[in-house]
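Notes for the structure review
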Amino acid sequence: MAIEKIILDVDTGSDDAVAIICAALSSKIELHSICTVWGNRPLSQTTENTLRVVDMLGIGESVKVYPGCETSMVSTLLQNRRGGYDGQRKSVNGGEKVSMHQETIDELPPSHTKAQEKRAVMHYVETLMNGADGEFTLVPVGPLTNIAMALRVEPRIAKKVKQIVLMGGGCRRTNSTAAAEFNIWGDPEAAQIVMNCGAKITVVPLDATHNACINSDEVEELYKLGTPAATCVADMVKHRIAAYSYLQPMARLDSAPIHDALAVCSLIDPAVLKDVRLVRCDVDISGGIADGQTIVDPRAYTDLPKNVDFAFDADRDRFSALLFSILRGEN
Ligand code: BDR
Ligand code: CA
């Protein structure tokens, strides 16, 4: 299998942390660089969290981190459209408000590697335009602001990339609102630009990630692996299970999706995704009640051209086995 050379785009975030670890440790992926973006937390914190993971992995010399956009492209211009970070704190039946997202990754010490001066948007444009056609795969697992901005600066990058594999959206599942998934809801205009840029795109949505949950028994097994990376993954998943069991219980109560890691793992073993279909997908940018919804049209006779491969399901056991094999250094 060819090695996939990727630029990861993260808003770290506990599942982003696991995605970085998978990308860095798998022999099937060459992690070229990491761009950070606002999202789970403000950019300064998503960048610091990213650098902590990079330091834990000891890859700071070879994998540069480029800070990206601090907010969405234009969505904040519509007043009352966003709840901000506090809007992402939810409570159940009036109980204590908790965050779905890891705030600071306290399990890891403060970073010593520095982020690059160059911003992510410039990094994308320069790296992709100077690279060979089809050299890079982009893997955005946060709001799509950086890549949409880069596409606006230099639209030809759409033809330069091999593919874009993004985590975001949902057909029958949502999380941030009744209609929308967080990464797309965070910057709907950016998501609509990226989905229609003409590149080959695979969408790894909630429909797939919610069917690939890791459970607390597996967390115990992860701790037993005993490496810093496996311990970090175990810590992240444990945190996620606590939040999900309260706010968004999965079919198995002591389990949680590791959304962003599934997207990365699909590059190592595409069969972790199931029921992948070429469909038409657009994003609601109305600013109304369905703001940020991914409108998925699975019909054969779509009105507009089909633009993304959309994963409607995932193979949980296969994903779990792959995660363990990466952490054991076997994949
Ligand atoms: C997505 O939202 C973020 O909070 C996660 O990191 C993931 O990328 C899931 O909806
Ligand atoms: Ca993320």
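This is a predicted model, so every value here is computed, not measured.

So, the environment of Val 139
Of note, Val 139 is situated in strand β6 (residues 137–140). Note: C-alpha distance between Val 139 and Asn 80 (59 residues apart in sequence) is 30 Å.

Looking at the coordination of the calcium ion (ligand 2)
Bound to the calcium ion (ligand 2) are the protein donor atoms Asp 11 (OD), Asp 16 (OD), Asp 16 (OD), Val 141 (O) and Asp 260 (OD), situated 2.3 to 2.8 Å from the metal. Donor residues for the calcium ion (ligand 2) sit on one chain with the sequence pattern D-x4-D-x124-V-x118-D. Pair check on accessibility: Asp 11 and Asp 16 agree, each one buried.

Observations regarding the pattern of salt bridges
The full count for this structure, using the stated rule, is 20 salt bridges. Residue Lys 162 is joined to Glu 4 by a salt bridge in which the shortest nitrogen-to-oxygen separation is 3.2 Å. Highlighted residues: Lys 162 in the loop between α5 (157–160) and β7 (163–167) and Glu 4 in strand β1 (residues 4–10), separated in sequence by 158 residues. For Lys 162, a relative accessible area of 39% gives the class partly exposed. When its relative accessible area of 7% is taken as the criterion, Glu 4 is described as buried. The salt bridge involving Asp 254 is made with Arg 252; its shortest N-O contact spans 2.7 Å. Residue Arg 252 is classed as partly exposed on the basis of its relative accessible area, which comes to 36%. Where salt bridges share partners, they join Asp 217, Arg 252 and Asp 254 into one cluster.

As for the packing of aromatic side chains
According to the stated counting rule, one finds two aromatic pairs in the structure shown. With a centroid separation of 6.1 Å and an interplanar angle of 40°, the aromatic rings of Phe 182 and Trp 185 are classed as tilted. Note that Phe 182 and Trp 185 are positioned in helix α6 (residues 182–186) at a spacing of three residues, about one turn of the helix. For Phe 182, a relative accessible area of 6% corresponds to the buried category. With centroids separated by 4.9 Å and ring planes inclined at 55°, the aromatic side chains of Phe 310 and Phe 312 adopt a geometry described as tilted. Residue class for Phe 312 comes out buried when judged on its relative accessible area of 8%. Arg 277 extends its terminal NZ or CZ atom over the ring of Phe 312, reaching a point 4.0 Å from the ring centre.

Section: the layout of surface pockets
Volume-wise, the second largest pocket comes out at about 200 Å³. What lines the second largest pocket is a set of 13 residues, among which Gln 163, Thr 202, Ser 266, Leu 267 and Pro 270 lie closest to the centre.

So, the environment of Ser 27
Assignment of secondary structure puts Ser 27 in the loop between α1 (14–25) and β2 (29–36). Not counting residues within four places of it along the chain, the set of residues in contact with Ser 27 comprises Ile 3 and Asn 331.

Brief notes about the site of ligand 1
In the vicinity of ligand 1 lie 13 residues, with Asp 15, Asn 40, Asn 175, Glu 181 and Asp 260 positioned nearest. Take Asn 175: an N or O atom from its side chain is 2.8 Å from an oxygen atom of ligand 1. A distance of 2.4 Å is found between an oxygen atom of ligand 1 and a side-chain nitrogen or oxygen belonging to Glu 181. For ligand 1, whose unbound accessible area comes to 280 Å², protein coverage reaches 97%. Those elements giving two or more residues to the shell around ligand 1 turn out to be α1, α6 and α11 (259–268). In terms of residue class, the shell around ligand 1 is made up of four nonpolar, five polar and four charged.

Calculation notes
- Residues numbered from 1 in each chain as written.
- Chains lettered and ligands numbered in written order.
- Predicted model: local features only at pLDDT ≥ 70, side-chain atom pairs only at ≥ 80, totals over all residues.
- Heavy atoms only, no water.
- Helix = DSSP H or I, 4+ residues; strand = E, 2+ residues; numbered from the N terminus.
- Donors = N, O, S within 2.8 Å, 3.2 Å for Na, K, Ca; no water.
- Buried < 20%, exposed > 50% of the residue type's maximum accessible area, 1.4 Å probe, protein only.
- Salt bridge = Lys/Arg side-chain N within 4 Å of Asp/Glu carboxyl O.
- Phe/Tyr/Trp six-rings, centres within 6.5 Å; stacked < 30°, edge-to-face > 60°.
- Lys NZ or Arg CZ within 6 Å of the ring centre and 35° of its normal.
- 1 Å grid on protein atoms, 1.4 Å probe; cavity = no way out; pocket = protein on both sides within 12 Å on 5 of 7 lines; lining within 4 Å.
- Points joined across faces, edges and corners; volume = space filled by probe spheres on them.
- Contact = heavy atoms within 4.5 Å.
- Near = heavy atom within 4 Å.
- Polar contact = N/O pair within 3.5 Å; in protein donor to acceptor, adjacent residues only side chain to side chain.
- Areas by Shrake-Rupley, 256 points an atom, 1.4 Å probe, with all protein chains shown as cover.
- Nonpolar A, V, L, I, M, F, W, Y, C, P; charged D, E, K, R; others polar.

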